[in-house]
Amino acid sequence: MKINNVILQAVTKIAVFIILTLAVYLFLSGHNSPGGGFIGGLVLATAFVLLFIVFDIETVQKAIPFDFKRVAALGAFLAVGTGFGSLLFGEPFLSQSFGYFDLPIFGKTELATVTIFEAGVALVVVGVVVTIILSISEDV
Amino acid sequence: MLTVNIAIIIPFLAAIFIPFINKKYPNIHIGWFALFVPATLFVTLARYIPTIAGGKTYVYTINWIPSYGINFTTYLDGLSMIFALLITGIGSLVVIYSIYYLSSKESLSHFYVYLLLFMGAMLGVVFSDNIMVLYVFWELTSISSFLLIAFWYHRKKSRQGAKKSLLITISGGFGMLIGFIMLSGIADTLSIREIVLTIGDNTDHPLFLPAMLLILLGAFTKSAQFPFHIWLPDAMEAPTPVSAYLHSATMVKAGIYLVARFTPVFGGEQTWFWLVSGVGLLTLFWGSFNAIRQTDLKALLAYSTVSQLGMIMSMFGMGSAALHFGYSTESVVYTQATFAALFHLINHSTFKGALFMVVGIVDHEVGTRDLRRLGGLITIMPATFTIALIGSFSMAGLPPFNGFLSKEMFFTAALNISQLDIFALDTWGTLLPVIAWIGSVFTFVYSMIIVFQTFFGPYQKEKLDLPAHGASRGMLVSPIILAVFVVGIFFFPNLVGKYLINPAMTTIFPRLAVEGDLGQTITIWHGFQPELYMTIGVIAVGTFLYIFRNYWKGIYSLFPEKWTFNELYYFSLTQLEDGSAAVTKSYMTGFLRDYLLYIYLFFIVAIGGILFYTGAFSFDLTGDEPVTMFEWSIIIVMIIAGITILFAKSRLTAVLLNGVLGYSIAVLFVIFRAPDLALTQIIVETVTTVLFLVCYYYMPEWKKENKPTRTKRINLIISIAVGIVFVLVALSVQSGKLFESISGYFENAYELAGGKNIVNAILGDFRAFDTMLEVVVLLIAGIGVYTLIKLKAGKEDENIEDQ
């Protein structure tokens, strides 16, 4: 796929950062407001997909040298791994925990183990979506 | 004790790290790292031998799914101790042996990952107190065995053997699972210890017998008992260290472990007694009889393992008769069979492990295991010969090796049991010692074949692939250690008896052990008793049969090739494959349209039919909100888009119109104040549209189909029916209150999970199990798409499956 759409490329260069920021925001805000691992991961995936559409695959892969299959595997490992994590503390499989901490800049912040689990979900979503779209589009 | 739980987990953890370590230190043989695991575990566990022998047991529970009573509970007692020591001890020796056996060109990290996976699973089987957890580990051993048998997966025979073992052991395991579920229903607990305590009141439960039979099915398939033994000879396609470890010393003994573990539950029943000892004796006979005609040394050993497993199994069956009586001096005599079984279990692991390693050495140095080509190796491999001699003579039941002791005890037990007058033993009892004796004669014959055909006779250099030379020292270490045990146990049998077997006896006969000592003293010489005459008879007749074996080998041709269980297995396998292929082909037409039709028909019949049948289609429109102008306008847009798709001229238009539908739904979600759903809908819609466009290239031409009017009418009816059912379901969802709403629980999300977003609290916390599995399914789907597209064979590629 070689296209040279200058306007689209120029807009994308900025828009991708907005989308990425949105993805991170959605991911982190999921605990208390709409968002979460699945949506965050999907938005992240759309950012990558946009890049792949606007620039060609080789260029993007040079800039983002991730093997998205591994990203997905890492995500599944995280999600399942957090389940075992709770076993270490004598709690049933997949028990989540949360607590409130005073952090230097953020003030009183809630930290929850569910974030790690959700990060796993997000990584799997990104990895799988990008893998599927890439492998279909590369198969010519 | 947490140590035991960790002992199970450590091999799994190590398996994760093996590939990374292998990559980091490519110059060091990865086996040395793997060796560290079983060796450490062996030492750790061995430290508990004295306390276990003192009658202490250790229980430790880690909660897993407490709401279903499924917990990771480990139980360390005498019985699990024996098995755990075998798993880790033989495991260490096998790892040492494999370091020298496998060349560094093999994919070693795979090998050790599978091996450690197996080790952890096997430890899990013997330590688990919870039957569901036990089942999980049980199937894991089957899977790791599958992977190990198919280690040289480019060979067709390896793949076939792996498939066969997997199919047989897994189907047995599945029966066992059903048996476990029945048993847990009877005893109302999943803990084996609690089942043992309460089962006495439930023996007349209607499910008691089916549960027993199904659990025995699991045990018999796993331990290769007749007629399920056919998988074990084919499993010999695995590398020899694997055969020595899984298919003689440990995994095949899982079934025996299960029988031993459930003896306090089912023992004392007539069915149990006759099934376990009968099948065991039959296996002993059939295995040893067939071993003699094998020409491949490893196949011979496989059949010999089958027969030895049968022997151990039958002893457990005989010993269970003791549970029929209460405690008395008499019943203690009958427990002797179980004692002998445990003793022979240990002995078999030592001598059979050594023999497998010897065969591996011969194969490795000479390049063949075919008995017709081997011979005269005694001068070339003196050390290997000595080990083979020790192992075989022990297996044949000759002094001064440990096999002699347990074989004598086997005869004693069989003679004692045949004197009983319960379970119709007064009519059939005499058969037990007779079959035992015949089986032992054949055992003697094939043990002689191993020694004399391989190491004596003419050395046929021209028939061998490689010039024979002595074994490398590294390969000899493990078999020598095992051979030392073979001899050592003969001279100090009571050390084993006191520290390992007696505590296990307490586990198997808990009610008897409370009332008195079940300990036995093993004596090497107990005078001129019938068992000694039986041994002398075995040697005499066995020698005779060995010398004149060429004259009576014609017997084997009496069994036609077509009527073996192997043939039955392949026949049913091909029948099943053909049948399922025919069924699948009949509805898998390759047209997406047909598949949609199935889905819609299923939806109409299953959902619509059931709701109609149960009278759930009742709704009341009066309480509903009025539809506002916004909603009207969006719905009209959707209706227009939906109808336009039908008349679209190009696929691109249809895709975009489909997108309109999706985004409109998202807008509806916004209006109904469901931002989560709206967000998800928008993004999913975006990604699917992209996917559509990516696939665009591959789609066939978009054209109007010319189907007969009849088909079109049917399609029309189906689509309208789907619409109607869907609307009705949507309308009646509010009306049917089958049970109390559980939403009140989720409303406390902030206190329970610390999150204000209830949806995400449900996804990530309350029902995280679902989410976790969905994530894994998503990953599997992704890998599936990737492999289907990327790894498909090109048109010119040869089919690598058919090598």
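All figures in this text were calculated on a predicted structure; none of them were measured in a lab. (Residues numbered from 1 in each chain as written. Chains lettered and ligands numbered in written order. Predicted model: local features only at pLDDT ≥ 70, side-chain atom pairs only at ≥ 80, totals over all residues. Heavy atoms only, no water.)

**Describing the overall build of chain A**
Right, so step 1: Each helix and strand counted, chain A has five helices and two strands in total.
Right, so step 2: Across chain A, helices and strands are ordered from the amino to the carboxyl terminus as α-α-α-α-β-β-α.
Right, so step 3: Counting only C-alpha atoms and orienting by the principal axes, one finds that chain A spans roughly 55 × 35 × 25 Å.
Right, so step 4: At a minimum sequence separation of 6, the contacts of chain A that also span at least 24 residues come to 59%.
Right, so step 5: Total accessible area on chain A stands at roughly 7,300 Å², and carbon and sulfur atoms take up 73% of it.
Right, so step 6: For chain A, the distance from the average position of its 6 positive side-chain charges to the average position of its 9 negative side-chain charges is 10 Å. (Helix = DSSP H or I, 4+ residues; strand = E, 2+ residues; numbered from the N terminus. Contact = heavy atoms within 4.5 Å. Areas by Shrake-Rupley, 256 points an atom, 1.4 Å probe, with all protein chains shown as cover. Lys, Arg positive; Asp, Glu negative; His and termini not counted. Charge placed at Lys NZ, Arg CZ, Asp CG, Glu CD.)

**Some remarks on the overall build of chain B**
Right, so step 1: Looking only at helices and strands, chain B has 34 helices and two strands in total.
Right, so step 2: Principal-axis analysis of the C-alpha atoms gives chain B an extent of 105 × 65 × 55 Å.
Right, so step 3: Counting over 803 residues, chain B shows a buried share of 50%.
Right, so step 4: Relative to all contacts within chain B whose residues are 6 or more apart in sequence, the contacts with residues 24 or more apart total 80%.
Right, so step 5: Accessible surface, chain B as shown: approximately 38,000 Å² in total, 68% of it carbon and sulfur.
Right, so step 6: One finds the centroid of the 47 positive side-chain charges in chain B at a distance of 11 Å from the centroid of its 48 negative side-chain charges. (Buried < 20%, exposed > 50% of the residue type's maximum accessible area, 1.4 Å probe, protein only.)

**Some points on the UniProt feature "transmembrane region" (unreviewed entry) in chain A**
Right, so step 1: Feature annotation in UniProt assigns "transmembrane region" (unreviewed entry) to the following positions: residues 6–28, 35–55, 71–90 and 111–136 of chain A.
Right, so step 2: Summarising residues 6–28 of chain A: 100% helix, 0% strand, and an end-to-end C-alpha distance of 33 Å. (UniProt positions renumbered as here; feature names shortened; annotations may be inferred.)

**Points about the interface of chain A and chain B**
Right, so step 1: Contact with chain A, which involves 48 residues of that partner, is made by 44 residues of chain B.
Right, so step 2: Across the chain A to chain B interface the summed buried area is about 3,900 Å²; carbon plus sulfur atoms make up 75%.
Right, so step 3: Counting the surface chain A buries against chain B, the share from its top three residues, Phe93(A), Ile136(A) and Asp139(A), is 14%.
Right, so step 4: In this structure, the connection of chain A to chain B is made through zero salt bridges.
Right, so step 5: Linking chain A with chain B are eight residue pairs in polar contact (both at pLDDT 80 or more), by the criterion used here.
Right, so step 6: For the side of chain A that touches chain B, the elements supplying multiple residues, two or more each, are α2 (37–54), α4 (68–88), β1 (98–103) and α5 (114–138) of chain A. (Buried area = accessible area lost by both parts, 1.4 Å probe. Salt bridge = Lys/Arg side-chain N within 4 Å of Asp/Glu carboxyl O. Polar contact = N/O pair within 3.5 Å; in protein donor to acceptor, adjacent residues only side chain to side chain.)

**Observations regarding the UniProt feature "domain: Na+/H+ antiporter MnhB subunit-related protein" (unreviewed entry) in chain A**
Right, so step 1: Annotation from UniProt places "domain: Na+/H+ antiporter MnhB subunit-related protein" (unreviewed entry) at residues 7–131 of chain A.
Right, so step 2: Secondary structure across residues 7–131 of chain A comprises 70% helix and 10% strand; the distance between its end C-alpha atoms is 27 Å.

**Examining the side chain of Glu631(B)**
Residue and element names in this part refer to chain B.
Right, so step 1: By the secondary structure assignment, glutamate 631 is in helix α27 (residues 629–647).
Right, so step 2: Of the buried charged residues, glutamate 631 lacks a salt bridge, with arginine 673 as the closest side chain of opposite charge at 7.7 Å.
Right, so step 3: Looking at glutamate 631, its side chain comes within polar contact range of the side chain of threonine 628, at 3.2 Å.
Right, so step 4: Apart from the residues lying within four places of it in its own chain, the contact partners of glutamate 631 are Pro626, Leu668, Ile671 and Phe672.

**What about the domain arrangement of chain B?**
Right, so step 1: By domain assignment, chain B separates into domain 1 (1–266), domain 2 (270–557), domain 3 (592–736) and domain 4 (752–792).
Right, so step 2: The C-alpha centroid of domain 4 of chain B is placed 30 Å from the C-alpha centroid of domain 1 of chain B. (Domains from an automatic or database assignment.)

**Topic: a nonpolar patch on the surface**
Residue and element names in this part refer to chain B.
Right, so step 1: There is a patch of nonpolar side chains on the surface, built from Phe491, Phe492, Leu495, Tyr499, Ile524, Trp525, Phe528, Tyr533 and Ile536 and spanning about 1,000 Å² of accessible area.
Right, so step 2: Of all elements in the fold, only α21 (493–508) and α23 (530–547) reach the threshold of two or more residues within the nonpolar patch.
Right, so step 3: By the secondary structure assignment, leucine 495 is in helix α21.
Right, so step 4: The class for leucine 495 is exposed, based on a relative accessible area of 52%. (Patch = residues over 30% accessible without salt bridge, like charges linked within 9 Å, V, L, I, M, F, W, Y side chains within 5 Å.)

**Let's talk about the UniProt feature "domain: NADH-Ubiquinone oxidoreductase (complex I) chain 5 N-terminal" (unreviewed entry) in chain B**
Right, so step 1: Per the UniProt record, "domain: NADH-Ubiquinone oxidoreductase (complex I) chain 5 N-terminal" (unreviewed entry) is annotated on residues 64–112 of chain B.
Right, so step 2: Within residues 64–112 of chain B, the helical portion is 59% and the strand portion 18%, while the C-alpha atoms at the span's ends are 28 Å from each other.

**Comments concerning the packing of aromatic side chains**
All names here are of chain B.
Right, so step 1: A complete count under the given rule lists 37 aromatic pairs over all chains for this structure.
Right, so step 2: Here the aromatic residues Phe226, Phe285, Trp286, Phe289, Phe442 and Phe565 are joined through ring pairs into a cluster of three or more.
Right, so step 3: The cationic tip of arginine 193 hangs over the ring face of tyrosine 75; the distance from NZ or CZ to the ring centre is 5.1 Å.
Right, so step 4: For the cation-ring pair, arginine 549 lies above tyrosine 546, with the distance from its terminal atom to the ring centre recorded as 4.3 Å. (Phe/Tyr/Trp six-rings, centres within 6.5 Å; stacked < 30°, edge-to-face > 60°. Lys NZ or Arg CZ within 6 Å of the ring centre and 35° of its normal.)

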